[in-house]
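The chain contents come next:
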Amino acid sequence: MRTRILAFTLSIVICAAAHAELKWEQTTVELHPASTDKEAVGHFKYQNTGDKSVRFKSVHTSCGCTAAQTQKDEVPPGEKGEITATFKIGDRTGTQVKTVTVDTDDPVNATTVLTLKAVIPQELEINPTFVFWGQGEAPKPKTIVVRAGKDFSVKQLKVTSSSPDFETKVAETGKGQFKIDVQPHDTSRNMAATLTIQPEGSSKTFYAMARVTNAPAIQ
Amino acid sequence: MAQEKVTSASSTLRFQRSIIPRFVRRIAEFIVGGIFIYAGVIKALDPIRFASDIDNYKILPWTISVQLAFYLPWLEIFCGLALIARRLYLGGLSILTVLTFIFIIATLVAKIRGLDITCGCFGHASKNWSFTAHIALDLSVLAALIALCICERLRGNSS
Amino acid sequence: MKSSLVRQALILVALAFLPGIGQAIYFRDKVSWQSPIPASEMVTVAQARAWGANAIWVDARPDVEFEREHVPGAVPLNEDRWNELLPQFLAAWSPEKSIVVYCSSQSCNASREVARRLRDEAQLKNVFVLKGGWEEWLKKK
């Protein structure tokens, strides 16, 4: 009788002490995709170090450009796994920070925020990416400055205009530095051109825009 | 009998005055005066931002908010100086007490209306403070001002 | 004592007018006296609507959300297809217009990013982010 009571009490104590705990190897992952990559994938590894199963209630991302996938819905004690976060780079530039919020039934750490940091290499820095003239404005050339990004070496630039109404002249102004002078033939009507800028030897193309707008330009 | 009453009254007054020694009062005047001078200077340095902060309370029209933003900080500074210098003391004390009281009511009303206000005593300098911290400081300042008012009234009665 | 209090208070009230007026004169061209200017880049639905035809609405949400529903007349411009969508936006833009960028909700960063790129890369002026985003526009529809 006493043994039974003891066993029963012990089992209650053990149940009360049993807990789920999801331990993450790292909650921040920094990625350095190549300039031609379309996606960056981060792996967030975890392990259930508790003695109760952990169930994923929901996983949602801070942006529609990031998709997160859990390998399983429930993690038994001792099991390992990972959440894969796939970030679609698109036309994004610079350092992008996206988060994945994971909700579980772990009473201690119900919510974990995983951070995916993607440093997108910038082969070219174009400033500005848009030049415009108002109708009637003097059709003087406007300059776009192009610089090679950090860790990139650009020896030559090829610039083509989508419209013959705009002329472009490229000149090197320093090591990895260029200027593109854009000039419309006239500003009597609305015109537009997309300037395709391609560094020599690179498969990646960059763009700038030129327009003659239908309102007088703000000087 | 009348003599005893007078002696008893003046003893009570001396007793009351001794509860708050003169130097404690002076320290309080310096602290409270200093707080208002600091608050006034912070707001006077960026009156346009202060105008937005007043506007956030959604009590006054924008044109009044702008005019107050240029005026109130200087009123605070001069009243704070009045407290410290003990010149135009009563006037300064009364104005600051009324201003603080109105400000606390406005803050509570804004909170009840669910407005997101970032303005405290110190304009945008206190924008990261919690609501509780704001109200706690404001109430402490009001309490100090009321205590100084009472002290001054007792001084006035006894002289 | 009461008259002394009132007199002192009036003196202080009058004293404060002097630097106050001086400052108001100094800032007279820097402040909008009639209506509040949006703080930094934010603009409310009401303010943006008041601009009427002078505003160009930019939808920074993913394509599928834009296709489902969007602010009438809004132009899509998101970071997924920036290079493809930018010419279309620029065709609708002109220098005197105010640009109002919105996305899914206040917490969504896409509108801020699109606004930043329009300001920094394309060097456009009058770029604003809609306070409360798409949800706020729906509420005030």
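Residues numbered from 1 in each chain as written. Chains lettered and ligands numbered in written order. Predicted model: local features only at pLDDT ≥ 70, side-chain atom pairs only at ≥ 80, totals over all residues.

**Structural notes on the overall build of chain C**
Thinking step 1. A count of helices and strands for chain C gives six helices and five strands.
Thinking step 2. Mapped from its N terminus to its C terminus, chain C presents α and β elements in the order α-β-α-β-α-β-α-β-α-β-α.
Thinking step 3. Looking at the 141 residues of chain C, the share that counts as buried comes to 33%.
Thinking step 4. For chain C, long-range pairs separated by at least 24 residues make up 63% of all intrachain contacts whose partners lie at least 6 apart in sequence. (Helix = DSSP H or I, 4+ residues; strand = E, 2+ residues; numbered from the N terminus. Buried ≥ 20, exposed ≤ 12 C-beta atoms within 10 Å, placed from the backbone. Contact = placed C-beta atoms within 7 Å.)

**Section: the packing of helix α4 (residues 62-85) of chain B against helix α1 (residues 2-26) of chain C**
Thinking step 1. In the contact formed by α4(B) and α1(C), the axes pass within 8 Å of each other and the chain directions differ by 135°. On the basis of their axis angle, the class for α4(B) and α1(C) is oblique. Between α4(B) and α1(C) lies a crossing of right-handed hand. Contacts between α4(B) and α1(C) involve Phe70(B), Tyr71(B), Trp74(B), Leu75(B), Phe78(B), Cys79(B) and Ala82(B) from the former and Leu12(C), Val13(C), Leu15(C), Ala16(C), Phe17(C), Pro19(C), Gly20(C), Gln23(C) and Ala24(C) from the latter.
Thinking step 2. Looking at side-chain class alone, the contact of α4(B) with α1(C) contains 14 nonpolar, two polar and no charged residues. (Axes fitted to C-alpha atoms, helices over the stretch in contact; angles between N-to-C directions. Parallel < 35°, antiparallel > 145°, perpendicular 65-115°, else oblique. Left-handed = near helix turned anticlockwise from the far one by under 90°. Nonpolar A, V, L, I, M, F, W, Y, C, P; charged D, E, K, R; others polar.)

**A closer look at the interface of chain A and chain C**
Interface extent is often summarised as the accessible area lost during association of the parts.
Thinking step 1. Contacts between the two partners involve 21 residues from chain A, matched on the other side by 17 residues from chain C.
Thinking step 2. Those elements that place two or more of their residues in the side of chain A that touches chain C are β11 (130-134), β16 (191-199) and β17 (206-213) of chain A.
Thinking step 3. The dominant element in the side of chain A that touches chain C, judged by the number of residues it contributes, is β17(A), at four residues.
Thinking step 4. Of the residues belonging to the side of chain A that touches chain C, the class tally is 10 nonpolar, seven polar and four charged.

**Some words on the pairing of β17(A)**
All names here are of chain A.
Thinking step 1. Most of β17 is tucked away: seven of the eight residues are buried.
Thinking step 2. Summarising the sheet, β11 and β17 pair through five bridges and their orientation is parallel. Looking at the pairing, valine 131 lines up with alanine 210 of β17.
Thinking step 3. Relative to β17, β16 runs antiparallel, the two being bridged by seven bridges. Residue pairing in the sheet places threonine 194 in a bridge with methionine 209 of β17.
Thinking step 4. Between β16 and β17, which follow one another and run antiparallel, lie six residues, and glycine 201 among them has a positive phi close to 80°. (Pairing = 2+ DSSP bridges.)

**Brief notes about the interface of chain C and chain B**
Thinking step 1. Each partner contributes to the interface: chain C provides 23 residues, whereas chain B provides 23 residues.
Thinking step 2. Split by residue class, the side of chain C that touches chain B holds 16 nonpolar, six polar and one charged.

**Description of the sheet that holds strand β8 (residues 94-104) of chain A**
Thinking step 1. With mixed pairing, five strands are arranged side by side in an open sheet as β2-β9-β8-β4-β6 (chain A). A strand with exactly one partner marks an edge of an open sheet, and here the two such strands are β2 (28-31) and β6 (74-75) of chain A.

**A look at the sheet that holds strand β12 (residues 142-148) of chain A**
Residues and elements named next belong to chain A.
Thinking step 1. With respect to topology, four strands assemble into an open sheet ordered β10-β12-β15-β14, the strand pairing being antiparallel. Among the strands making up the open sheet, the edge pair consists of β10 (124-127) and β14 (166-174). For this sheet, the mean inter-axis angle between neighbouring strands, taken without regard to orientation, is 20°.
Thinking step 2. Relative to strand β15 (residues 177-184), β12 is paired through six bridges, and the arrangement is antiparallel. Within the sheet, the bridge partner assigned to lysine 142 lies in β15 and is valine 182.

**Quick look at unusual backbone geometry**
Comment: phi is negative for the bulk of residues other than glycine, and the bulk of peptide bonds are trans.
Thinking step 1. Residue Asn127(A) is joined to Pro128(A) through a cis peptide bond whose omega torsion reads -5°.
Thinking step 2. Looking at where Pro128(A) falls in the secondary structure, it is placed in the loop between β10 and β11.
Thinking step 3. Phi is positive for Asn126(C), close to 55°, though the residue is something other than glycine.
Thinking step 4. Tracing the chain through its elements places Asn126(C) in the loop between α5 (110-120) and β5 (127-130).

**Some remarks on the confidence of the model for chain C**
Residue and element names in this part refer to chain C.
Thinking step 1. Of the residues in chain C, 90% reach a pLDDT of 70 or more, and the chain-wide mean stands at 87.
Thinking step 2. Here strand β1 (residues 42-43) stands out as the least confident element of chain C, with mean pLDDT 87; strand β3 (residues 75-76) is the most confident, with 97.
Thinking step 3. Two summary scores accompany this predicted model of the complex, namely pTM at 0.58 and ipTM at 0.79. (pLDDT = per-residue confidence, 0-100.)

**Focus on the nonpolar core**
Thinking step 1. Core analysis: the biggest nonpolar cluster contains 70 residues, and Val58(C), Val100(C) and Val101(C) have the highest contact counts within it.
Thinking step 2. Core analysis: the next-biggest nonpolar cluster, separate from the first, contains 32 residues, Leu88(B), Ile95(B), Leu148(B) and Ala9(C) among them. (Core = buried A, V, L, I, M, F, W, Y, C linked by C-beta atoms within 7 Å.)

**Looking at the pairing of β8(A)**
Residues and elements named next belong to chain A.
Thinking step 1. The sheet contact formed by strand β4 (residues 54-61) and β8 spans five bridges and is antiparallel. Looking at the pairing, histidine 60 lines up with threonine 101 of β8.
Thinking step 2. Here β8 pairs with strand β9 (residues 111-120) via 10 bridges, running antiparallel. The residue bridging threonine 95 from the neighbouring strand is valine 119, located in β9.
Thinking step 3. Between β8 and β9, which pair antiparallel one after the other, the connecting turn spans six residues.

**Here's the deal with α5(C)**
Thinking step 1. The complete set of buried residues in α5(C) reads Ala110(C), Ser111(C), Glu113(C), Val114(C), Ala115(C), Arg117(C) and Leu118(C).
Thinking step 2. In the core, the buried residues of α5(C) are packed alongside β2 (55-59), β4 (98-102), β5 and α6 (133-139) of chain C.

**A short note on the packing of helix α2 (residues 22-45) of chain B against α4(B)**
A pair of packed helices is characterised by two quantities: the angle between their axes and the separation of those axes.
All names here are of chain B.
Thinking step 1. Relative orientation of the contacting elements α2 and α4 amounts to 160°, with a least axis distance of 8 Å. Relative to α4, the element α2 lies roughly antiparallel. The handedness of the crossing between α2 and α4 is left-handed. On the side of α2, the interface is formed by Glu29, Phe30, Val32, Gly33, Gly34, Phe36, Ile37, Ala39, Gly40, Val41, Lys43 and Ala44, while α4 contributes Pro73, Trp74, Glu76, Ile77, Cys79, Gly80, Leu81, Leu83 and Ile84.
Thinking step 2. Residue composition of the contact of α2 with α4, grouped by class: 14 nonpolar, four polar and three charged.

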